[in-house]
Amino acid sequence: AQSVAQPEDQVNVAEGNPLTVKCTYSVSGNPYLFWYVQYPNRGLQFLLKYITGDNLVKGSYGFEAEFNKSQTSFHLKKPSALVSDSALYFCAVRDMIAGFQKLVFGTGTRLLVSP
Amino acid sequence: DTEVTQTPKHLVMGMTNKKSLKCEQHMGHRAMYWYKQKAKKPPELMFVYSYEKLSINESVPSRFSPECPNSSLLNLHLHALQPEDSALYLCASSQDSGGAGEQFFGPGTRLTVL
């Protein structure tokens, strides 16, 4: 089965500094990877995805992610953090069951951006 | 319109009640999903509908009964729930169920079972 791991429960960063939220994956075959963000008491918002192609994927709100096949990682990055980026971030991988798509999420990383 | 809507936003019910959660999307997506999310945990898939047919049931107890009346609507009927069923219930949709497209999520229904 496909899986992702988010090794950090929480990441703290000062506003204006670069941020990285880590994700590693374990898949058979080609990975289809996603990042979502969740604000308190809200649903998940799609940020970006990697299917194939360039290893650097650009997404919403200035976020990007770097796919690294040799390290089986898909870390989320942003050059300059904003206080409003504080939220819960989930990495996810697509799994297939009998030909149907299923998203498998990591445990989530809480990002706190201090002013 | 890239929005998935869910009603109600909050629901409190007793263990003997019957209630329903509603989800709607107008993006022309042919796959719809129900997820359950406990506090500080990732979402867990419950059901997948593809072209209005139930395709995946992740061993969900029968007190949860999904229904897809048409391609835009998805319901989750609740009956005889337990307090441990209290959670955020998220609906999502995607263009189809077998591709690589992302899923779009609604804001969720916060369910409390007393």
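Report on the accompanying structure. Computed from a prediction, not measured in an experiment: that's the story for all the values here.

For chain A, the helix and strand inventory stands at zero helices and 12 strands. Taken from N to C terminus, the helices and strands of chain A fall in the order β-β-β-β-β-β-β-β-β-β-β-β. Relative to the compact-globule value of 13 Å for 115 residues, chain A shows a C-alpha radius of gyration of 14 Å, a close match. Dimensions of chain A, computed from the C-alpha atoms along their principal axes, are close to 45 × 30 × 25 Å. Burial analysis of chain A (115 residues in total) assigns 45% to the buried set.

The final tally for this structure, using the stated rule, is eight salt bridges over all chains. With a shortest N-O distance of 3.1 Å, Glu66 of chain A and Lys77 of chain A are connected by a salt bridge. Remark: Lys77 of chain A occurs in strand 9 (residues 73–78) and Glu66 of chain A occurs in strand 8 (residues 64–68); sequence separation between them is 11 residues. Of the residues examined, Lys77 of chain A reaches a relative accessible area of 27% and is grouped as partly exposed. Glu52 of chain B is paired through a salt bridge with Arg30 of chain B; the nearest N and O atoms lie 3.1 Å apart. With Glu52 of chain B in the loop between strand 5 (44–50) and strand 6 (53–57) and Arg30 of chain B in the loop between strand 3 (18–25) and strand 4 (31–37), this pair connects stretches of sequence that are 22 residues apart. Overlapping salt bridges, with partners in common, bring together Lys36, Arg63 and Asp85 of chain B in one network.

A separate point is the state of the cysteines. Scanning the entire structure with this criterion turns up two disulfides over all chains. Between Cys23 of chain A and Cys91 of chain A runs a disulfide, and the two sulfur atoms are separated by 2.0 Å. With the S-S bond torsion at -60°, the cross-link from Cys23 of chain A to Cys91 of chain A turns out left-handed. Highlighted residues: Cys23 of chain A in the loop between strand 3 (19–21) and strand 4 (24–26) and Cys91 of chain A in strand 10 (residues 87–97), separated in sequence by 68 residues. Taken individually, Cys23 of chain A and Cys91 of chain A each receive the classification buried, so the pair is uniform in this respect. Through a disulfide, Cys23 of chain B is tied to Cys91 of chain B; the S-S separation comes to 1.9 Å.

Residues and elements named next belong to chain B. For strand 9 (residues 87–94), the buried fraction is high: eight of the eight residues fall into the buried class. As judged from the seven bridges shared by strand 4 and strand 9, these two strands associate in the antiparallel manner. Looking at strand 9, one finds that Tyr33 is bridged to Ala92. Here strand 9 pairs with strand 11 (residues 109–113) via three bridges, running antiparallel. Opposite Tyr89, over in strand 11, you have Thr109 as the bridge partner. Both strand 9 and strand 10 (residues 104–105) contribute to a ladder of two bridges, which runs antiparallel. Opposite Ser93, over in strand 10, you have Phe104 as the bridge partner.

Moving on to the interface of chain A and chain B. Listed as interface residues are 23 residues of chain A and, on the opposing side, 27 residues of chain B. On the chain A side of the interface with chain B, the three residues burying the most area are Leu44, Phe100 and Gln101 of chain A, jointly 30% of the side's total. The salt bridge involving Lys102 of chain A is made with Glu58 of chain B; its shortest N-O contact spans 2.5 Å. At the junction of chain A with chain B, the criterion picks out six residue pairs in polar contact (both at pLDDT 80 or more). Put simply, the parts of the chain that give the side of chain A that touches chain B at least two residues each are strand 5 (33–38), strand 6 (44–50), strand 10 and strand 11 (100–105) of chain A. The element that contributes the greatest number of residues to the side of chain A that touches chain B is strand 11 of chain A, accounting for five residues. Among the residues forming the side of chain A that touches chain B, the class breakdown is 12 nonpolar, seven polar and four charged.

About the criteria used
- Residues numbered from 1 in each chain as written.
- Chains lettered and ligands numbered in written order.
- Predicted model: local features only at pLDDT ≥ 70, side-chain atom pairs only at ≥ 80, totals over all residues.
- Heavy atoms only, no water.
- Helix = DSSP H or I, 4+ residues; strand = E, 2+ residues; numbered from the N terminus.
- Rg over C-alpha atoms; globule rule 2.2 N^0.38 Å.
- Buried < 20%, exposed > 50% of the residue type's maximum accessible area, 1.4 Å probe, protein only.
- Salt bridge = Lys/Arg side-chain N within 4 Å of Asp/Glu carboxyl O.
- Disulfide = S-S within 2.5 Å.
- Pairing = 2+ DSSP bridges.
- Contact = heavy atoms within 4.5 Å.
- Buried area = accessible area lost by both parts, 1.4 Å probe.
- Polar contact = N/O pair within 3.5 Å; in protein donor to acceptor, adjacent residues only side chain to side chain.
- Nonpolar A, V, L, I, M, F, W, Y, C, P; charged D, E, K, R; others polar.

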